[in-house]
Amino acid sequence: MKKFSILVFAVILILTMAACGSEADANIQATTEPSITEPQSQQTNASEPAQEEDGLDPYIKMLMSNHYYDNGGENSDFKYIVYTCSRDDSGYIIIKEYLGTDASVVIPDTLDGFPVIGMYHSIFDNTPFVAEIVFPDSLRTVVFNTRADTDQCMVGTAWYAQQPDGVYYAGNVAVGCKGNGEITLREGTIGIGGGAFRRRKDLTSIELPASLLMVDDDAFAGSGLTEITIPVTLQYYFGAFGTCTQLERVVFEEGITKINGTFTGSAVREVVLPTSLEVIGEKAFMRCEELQYITLPANVTTIEEYAFYGSGLTSITLNEGLEYIEQYAFQHCKGLKSIYIPASVRSIDIRAVGFNIDDKPVADFIAYFPASSSVMENLQNTGVNCQIGTQADAS
């Protein structure tokens, strides 16, 4: 019996040692696996903002937003506008006027705790003595304001007199072209100021660099451009290419998901849209009277308000997959006598199609719908002639 007890004890001891060895091996194996740590977020200053998750530059995103409200601001050197958000504590500054007397001016990165991301075209109109200007890295645009007496920004200053012929800059923002110099944008250009190349009939073509993020109002208005390619990096160009009476062809690079700019009143005849496109932005081709036909890519889900208002469209093919047609999108298209609204459309705002400039239904206009449409009745109730049909009926 004694021998048996010793034998049992020995077996238990061996099994216990084996278990401990296995646990030790597991521990050793665990410690040899590489450790994974979350990367530490990089700190950025006001002049170098981190990109948003949607890829938009946060300063330009603020300029695009409708949720900022303006208040006046002033110190001994500058008069400015403080834009604050109604939804959070963010804000930005647009400087209106230089009030100082120094010939050397440093435009600050921030005022009142907010980044300086723009300045008025007329900021130095009354200061011809200004000879040196340091611009902040946060600057994204120069606003073309009605007070300006000339298309050339800062033209009356000693600083302007020192600029060579050709494109000149406020930091990384192109703000004009001096003399008859060549209009070429350098790599690293992040913005084109409002009115920069306005009414330059000698400008027939220009390459927009990959670094470009924003083109402000009237930057190319009335210029001699005949064709333009919109790079995928360009995030905002609302009002930039209006009334270009020679601009016949617009190409949007692959990768663009939304048209965030307008060609109002331009002579656009041909539009090349990328397969990546999802949204036709507000007023994109408003009053483009030479634009007669367009086919939307398969990924387009939304046509925003006034997108084709008053255009010359006589025919348009809307893609299956389109979901939203906003108000006035196709209003006052005098040559458009019919349209096919695909079954995928879930919402079509009043006066989106089939209405004239007086907000009256067009008598000889027909909107065709598939039998399964959920929005036909809504449009029909506004007085528009709606019928069951196909794309072929609207061709």
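Only a predicted model underlies this, so the values are computations on that prediction, with no experimental measurement involved.

Reading the values: rules and limits
- Residues numbered from 1 in each chain as written.
- Predicted model: local features only at pLDDT ≥ 70, side-chain atom pairs only at ≥ 80, totals over all residues.
- Heavy atoms only, no water.
- Helix = DSSP H or I, 4+ residues; strand = E, 2+ residues; numbered from the N terminus.
- Buried < 20%, exposed > 50% of the residue type's maximum accessible area, 1.4 Å probe, protein only.
- Contact = heavy atoms within 4.5 Å.
- Areas by Shrake-Rupley, 256 points an atom, 1.4 Å probe, with all protein chains shown as cover.
- Phe/Tyr/Trp six-rings, centres within 6.5 Å; stacked < 30°, edge-to-face > 60°.
- Lys NZ or Arg CZ within 6 Å of the ring centre and 35° of its normal.
- Salt bridge = Lys/Arg side-chain N within 4 Å of Asp/Glu carboxyl O.
- Polar contact = N/O pair within 3.5 Å; in protein donor to acceptor, adjacent residues only side chain to side chain.
- Pairing = 2+ DSSP bridges.
- Core = buried A, V, L, I, M, F, W, Y, C linked by side-chain atoms within 4.5 Å.

A.B. asks: Honestly, the overall build of the protein in this entry has me stumped. Any pointers?
C.D. replies: Across its full length, the protein carries five helices and 24 strands. Here the protein holds 395 residues, and 48% of them are scored as buried. Long-range pairs, those at least 24 residues apart, make up 33% of the contacts in the protein with a sequence separation of at least 6. Here the protein displays about 19600 Å² of accessible surface, and carbon together with sulfur accounts for 49% of that area.

A.B. asks: Teacher, can you tell me more about the packing of aromatic side chains here?
C.D. replies: Aromatic ring pairs are defined here through the distance separating the ring centres and the angle between the ring planes. For the coordinates displayed, the defined rule picks out 20 aromatic pairs. The interplanar angle of 70° and the centroid separation of 6.4 Å between the aromatic rings of Tyr 237 and Phe 241 together place this pair among those described as edge-to-face. For Phe 241, a relative accessible area of 0% corresponds to the buried category. On the basis of an interplanar angle of 20° and a centroid distance of 5.6 Å, the ring pair of Phe 285 and Phe 308 is categorised as stacked. On the criterion of sequence distance, the pair formed by Phe 285 in the loop between strand 16 (279–280) and strand 17 (293–295) and Phe 308 in the loop between strand 18 (302–303) and strand 19 (315–317) is long-range, its members being 23 residues apart. The exposure classification of Phe 285 matches that of Phe 308, with both residues buried. Feature note: the residues Phe 197, Phe 220, Tyr 237, Phe 241, Phe 252, Phe 263, Phe 285, Phe 308 and Phe 330 constitute an aromatic cluster, connected by ring pairs. We note Lys 178 situated over the ring of Tyr 160; from NZ or CZ to the ring centre the distance is 5.1 Å. Its guanidinium or amino end placed over the ring of Tyr 169, Arg 186 lies 3.6 Å from that ring's centre, counting from NZ or CZ.

A.B. asks: Can you help me understand the pattern of salt bridges in this one?
C.D. replies: Side chains that carry opposite charge are capable of pairing whenever their charged atoms lie near each other. For the structure shown, the criterion picks out 10 salt bridges. A salt bridge links Arg 351 to Asp 359; the nearest nitrogen and oxygen atoms lie 3.8 Å apart. Relative accessible area serves as the criterion here: at 31%, Asp 359 is assigned to the partly exposed category. Through salt bridges with shared partners, a single network forms among Glu 227, Arg 249 and Glu 270.

A.B. asks: Sorry if this is basic, but what is going on with the side chain of Gln 235 here?
C.D. replies: Relative to the helices and strands, Gln 235 resides in the loop between strand 13 (227–230) and strand 14 (249–252). At 3.4 Å, the side chain of Gln 235 and the backbone oxygen of Gly 55 are in polar contact.

A.B. asks: What is the right way to look at the pairing of strand 3 (residues 91–98) in this model?
C.D. replies: Side chains on a regular strand alternate between the two faces of the sheet. Burial of strand 3 is extensive: seven of the eight residues sit out of reach of the surface. Sheet topology note: the strand 2 (residues 78–85)/strand 3 ladder contains seven bridges and is antiparallel. Bridged to Ile 81 within strand 3 is Ile 94. Hairpin connection between strand 2 and strand 3: a loop of five residues separates the two successive antiparallel strands. Taken together, the three bridges between strand 3 and strand 6 (residues 114–120) define a ladder with parallel strand orientation. Looking at strand 6, one finds that Ile 95 is bridged to Met 119.

A.B. asks: Can you walk me through the environment of Val 142 in this structure?
C.D. replies: You can see Val 142 is positioned in strand 8 (residues 141–143). Sequence separation of Val 142 and Ala 196 is 54 residues, and the distance between their C-alpha atoms is 8.8 Å. Setting aside residues no more than four positions away along its own chain, Val 142 makes contact with Met 119, Tyr 120, His 121, Cys 153, Ala 170, Val 173, Val 175, Gly 193, Gly 194 and Asp 216.

A.B. asks: How do you make sense of the nonpolar core when you look at a structure like this?
C.D. replies: Generally speaking, nonpolar side chains in soluble globular proteins are found buried as a group. Grouped together as the largest cluster of nonpolar side chains are 69 residues, with contacts concentrated most on Phe 241, Phe 263, Ile 280 and Phe 330. For this core, the secondary-structure elements that each account for two or more residues are strand 9 (166–170), strand 10 (173–178), strand 13, strand 14, strand 23 (366–369) and helix 4 (376–380). Counting residues in each nonpolar core, the second largest holds 27 residues, with Val 105, Val 116, Val 130 and Trp 159 among its members.

A.B. asks: Looking at this structure, I do not really get the environment of Cys 288. What am I missing?
C.D. replies: In this structure, Cys 288 sits in the loop between strand 16 and strand 17. Separated by 19 residues in sequence, Cys 288 and Arg 269 have C-alpha atoms that sit 8.1 Å apart. Ignoring any residue separated from it by four or fewer positions in sequence, one finds Cys 288 in contact with Phe 263, Gly 265, Ser 266, Val 268, Gly 310, Ser 311 and Gly 312.

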